[in-house]
Amino acid sequence: MSITRLEVHHLRNLRHAAFSPSSGVNLIWGENGSGKTSLLEAIHMLSVARSFRTHKVKSVISQGEAGCTLFARIRHADSELPVGITRRLDGDHEIRVGSSTQTSLAELARVLPLLVINPDAFRLLEGSPAERRQFMDWGVFHQENQFYDAWRRYQRALKQRNSLLKCGKIDPQFLAVWTSELVLQTAVIHALRQTYLERFAPVFQSYLSRLTSLEDVTLHYYPGWDAKRDFEEVLASGIGRDAELGFTQQGPHRADIRIKASQKAAVDILSRGQQKMVVCALKLAQGQLLAEQKQRQPVYLIDDLPAELDRTHRRSLCELIEALQCQVFITSVDAEIMDDCWSPDCKVQRFQMENGCLQDA
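Parameters at a glance
Residues numbered from 1 in each chain as written. Predicted model: local features only at pLDDT ≥ 70, side-chain atom pairs only at ≥ 80, totals over all residues. Heavy atoms only, no water. Axes fitted to C-alpha atoms, helices over the stretch in contact; angles between N-to-C directions. Helix = DSSP H or I, 4+ residues; strand = E, 2+ residues; numbered from the N terminus. Parallel < 35°, antiparallel > 145°, perpendicular 65-115°, else oblique. Left-handed = near helix turned anticlockwise from the far one by under 90°. Contact = heavy atoms within 4.5 Å. Nonpolar A, V, L, I, M, F, W, Y, C, P; charged D, E, K, R; others polar. Buried < 20%, exposed > 50% of the residue type's maximum accessible area, 1.4 Å probe, protein only. Pairing = 2+ DSSP bridges. Expected span 1.5 Å × (residues − 1). Arc of directions from axis to C-beta. Core = buried A, V, L, I, M, F, W, Y, C linked by side-chain atoms within 4.5 Å.

Enquirer: Help me understand the packing of helix H7 (residues 172–211) against helix H11 (residues 272–294) in this model?
Expert: The geometry of a pair of packed helices is captured by two quantities: the angle between their axes and the separation between those axes. Two elements in contact, H7 and H11, have axes whose closest approach is 8 Å; the angle formed by their N-to-C orientations is 125°. In terms of orientation, H7 and H11 fall into the oblique class. Where H7 crosses over H11, the two elements pack in a sense that is right-handed. Taking contact as the criterion, the partners of Tyr196, Arg199, Phe200, Val203, Phe204, Tyr207, Leu208 and Leu211 in H7 are, on H11, Met277, Val278, Cys280, Ala281, Leu282, Leu284, Ala285, Gln286, Gln288, Leu289 and Gln293. Tallied by class, residues from the contact of H7 with H11 come to 15 nonpolar, 3 polar and 1 charged.

Enquirer: Help me understand the pairing of strand E8 (residues 114–117), please; the structure alone is not making it clear to me.
Expert: Every other side chain in a regular strand lies on the same face of the sheet, so the side chains alternate between the two faces. The alternating pattern of E8 places Leu114 and Val116 on one face and Leu115 and Ile117 on the opposite face, and all of these are buried. Looking at chain direction, E8 and strand E12 (residues 299–302) are connected through 4 bridges and run parallel. By the bridge assignment, Val116 is partnered in E12 with Leu301.

Enquirer: Quick question: what am I supposed to make of helix H6 (residues 145–166) here?
Expert: Because each turn of an α-helix spans 3.6 residues, side chains separated by three or four positions in sequence point in the same direction. In this model H6 runs 33 Å from its N-terminal to its C-terminal C-alpha over 22 residues, within 8% of the 32 Å that 1.5 Å per residue would give. Buried residues of H6: Phe147, Ala150, Tyr154, Ala157, Leu158, Arg161, Asn162, Leu164 and Leu165, and no others. The buried residues of H6 occupy an angular sector of 150° when the element is viewed end-on, so they sit on one face. Every exposed residue of H6 that faces more than 90 degrees away from the buried side is listed here: Asn145, Arg156, Lys159 and Lys166. Buried residues along H6 sit in contact with helix H5 (129–143), H7, helix H8 (231–237) and helix H9 (239–245).

Enquirer: Explain the nonpolar core to me, please; I cannot follow it from the model alone.
Expert: The nonpolar side chains of a soluble globular protein tend to be buried, and buried together. The biggest cluster of nonpolar side chains holds 73 residues, and the ones touching the most others in it are Phe200, Phe204, Val278, Leu284, Tyr300, Ile330 and Trp342. Per element, the largest residue contribution to this core is 13 residues, and it comes from H7. Other than its neighbours up to four places away in sequence, Trp342 contacts Val25, Cys318, Ile321, Glu322, Ile330 and Val348. Formed by 38 residues, the second largest nonpolar core is a distinct cluster that contains Leu14, Met45, Leu46 and Phe52.

Below, the structure is given as structure tokens:
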């Protein structure tokens, strides 16, 4: 899939921007502050209705405007699907896919699967378990249709159970109902995550070996409790402490992927450049797995690709990006620094961004 047309209105310094990107590599270049990252931000919002830079809608909307509007045409096989998003200062939003108004963010995400490689992606190594859990669940969500329903049911049961735990008196009957639902959905979520990571790990290792000479980088899945024990037993034995704290301590909501190098936390021993290679391998593997399992290529957003990479690693990364044969949007301050990163057969469409204005370069 690919975006064939993109229009942005009133997002940050992009008052009005419109262009028709290529289905392959698109290089957006310009000075710092010219609006390059804002363009990627607009594309990201078309997938999940929110920015990857902030949770505050007011920060995204151009000063003096009541809202921002984004529109795209997305090619699926031999057809094109129009998608539109409006975000307003009051927090309200409107989503249109095709001729219908959509209210489900999950359905929107399925229309345009996106993978982002930017400075924030380092949080996969240095951030909280929530960052890695979100990364893992993106992959499971796009490959397993039943995951989203199980995840919603789990969140509802968790909320209800936690509400009971906060009460002075716990009704054993009510607690048993929501605990039972929690256990049931945990079995589904855990199985889907585990299956996904079993497929994912060798693909990740393959990409990492082609990007760098790093050895002994491993992924360790922690489900959110001691998996050697039955989860229902874990909840039963921890009920006293859960009631004391007022929330459920263990479960899929505490899951993590622990990324290690030589048996130590990767973030503690790898250089910044090495960390970027690990992050890129994680993201490329996720896209490759989606393409193999669902025959759907994601769109990649890569902000400031040259940063922290020498010429050799830039070329290695671009070679793998080119091989994916998917749509890619890359930003760079310097367009020429990437001239020798592509094969002679690769057509790179260049666009120059200047003061929020976009033009073919």
